[in-house]
Amino acid sequence: MIRKCLFPVAGYGTRFLPATKSMPKEMLPIVNKPLVQYGVEEAIGAGMKNCAMVTGRGKRAISDHFDISYELEHQISGSSKEMYLESIRGVLNEGIFTQVRQREMKGLGHAILTGEALIGDEAFGVLLSDDLCLNDGPGVLSQMTELYEEHQCSIVAIQEVPMDEVHKYGVISGEDLGSGLYKVDDMVEKPSAEDAPSNLAIIGRYILTPDIFDILRSTEPGSGGEVQITDALQTQARQGRVLAYKFKGLRFDCGTVPGFVEATNYVYENVYTNNG
Ligand code: UTP
């Protein structure tokens, strides 16, 4: 049973400036719910009730979001507006929220290593909330925890992307085991189309075994001068201990303006309007 999910939310979100100058990217709403709340709901749905946030300066709004607002509760309680607090109340009732600060933005791998203090010696999920994943059945992390129960190794979620977009992602190659599962033998961070081993791109959902922390500690900064989680996973992959999983569902890259707009339109038309 995986109990904890790490949320690296320390990044600057430069692609959304000036909106993200004093507001965390993860608090940008898709219709009426912040990106990070979609992520937390997915993690809790997968049984990961311990939500461990790796935050940074200027991210206080995230901590406040996952806490009670007494004034608001007091004002709204008993009124017709109370229904608007329902989803966040549900999350607060179920989740446990912890946080640690990443003082310097040295990359996703470094952010994950910073989260070690909150995770300890157990397998855990990682969710990048700017990848919004939606589907009718079990969420992506739920699909992955089921696989973890069976295989007990690190698992990355993947998606096929056009070859001219592989340079934005970590890309894997591996043996096709059927049912969307691959045994990873190679991983490259942000390869050119010529160097990419496939078009199977890693998206923002991982299950990691805790030995990843020791590997990260000795991983040199790679692409972009940042400590890359892909480089650390490569070490596990060489030992045959990483699976990649083509998840069921839709994914929107809300770290970019076009992906964010696409997600907003989709949620408005298919989720928000249907739920009243
Ligand atoms: P991104 O590559 O999207 O970076 O990070 P970013 O800073 O958020 O956005 P841009 O590129 O400036 O627009 C992917 C995820 O990893 C987290 C980010 O918060 C985001 O969720 N991250 C990245 C950290 O927590 N720490 C880091 O040092 C780097």
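Conventions we followed
Residues numbered from 1 in each chain as written. Predicted model: local features only at pLDDT ≥ 70, side-chain atom pairs only at ≥ 80, totals over all residues. Heavy atoms only, no water. Buried < 20%, exposed > 50% of the residue type's maximum accessible area, 1.4 Å probe, protein only. Helix = DSSP H or I, 4+ residues; strand = E, 2+ residues; numbered from the N terminus. Contact = heavy atoms within 4.5 Å. Polar contact = N/O pair within 3.5 Å; in protein donor to acceptor, adjacent residues only side chain to side chain. Near = heavy atom within 4 Å. Areas by Shrake-Rupley, 256 points an atom, 1.4 Å probe, with all protein chains shown as cover. Nonpolar A, V, L, I, M, F, W, Y, C, P; charged D, E, K, R; others polar. Phe/Tyr/Trp six-rings, centres within 6.5 Å; stacked < 30°, edge-to-face > 60°.

Peer 1: For this particular structure, what's the right way to read helix H10 (residues 257-272)?
Peer 2: Three- or four-residue spacings in an α-helix give side chains the same orientation, since the helix completes a turn every 3.6 residues. Gly259, Phe260, Ala263 and Val267 are the residues of H10 that are buried. Where H10 is buried, its residues meet strand E2 (29-30), helix H1 (35-45), strand E7 (131-134) and strand E13 (250-253). The residue sitting at the N-terminus of H10 and contributing the capping side-chain oxygen is threonine 256; that oxygen lies 3.2 Å from the backbone nitrogen of glycine 259.

Peer 1: Looking at this structure, how should I read the site of the ligand?
Peer 2: Close contacts around the ligand come from 17 residues, with Gly11, Thr14, Arg15, Lys25 and Gln102 the closest. Measuring from an oxygen atom of the ligand, one finds a side-chain N or O atom of lysine 25 at 2.6 Å. Note that an oxygen atom of the ligand is positioned 3.3 Å from one of the side-chain N or O atoms of glutamate 26. Protein contact buries 82% of the 570 Å² of open area that the ligand shows by itself. Here the residues of the shell around the ligand sort into seven nonpolar, five polar and five charged.

Peer 1: Help me understand the packing of aromatic side chains in this model?
Peer 2: Two measures describe an aromatic ring pair: the distance that separates the ring centres and the angle between the ring planes. On inspection of all chains with the given rule, the structure shows five aromatic pairs. Judged by centre distance (5.4 Å) and plane angle (65°), the ring pair of phenylalanine 16 and phenylalanine 260 falls under edge-to-face. Placement of phenylalanine 16 in the loop between strand E1 (4-8) and E2 and of phenylalanine 260 in helix H10 is noted, with a sequence separation of 244 residues between them. Assessed through its relative accessible area of 15%, phenylalanine 260 is described here as buried. Centroid distance phenylalanine 252 to tyrosine 266: 5.4 Å. Interplanar angle 40°. Geometry classified as tilted. Of this pair, phenylalanine 252 sits in strand E13 while tyrosine 266 sits in helix H10, placing them 14 residues apart in sequence.

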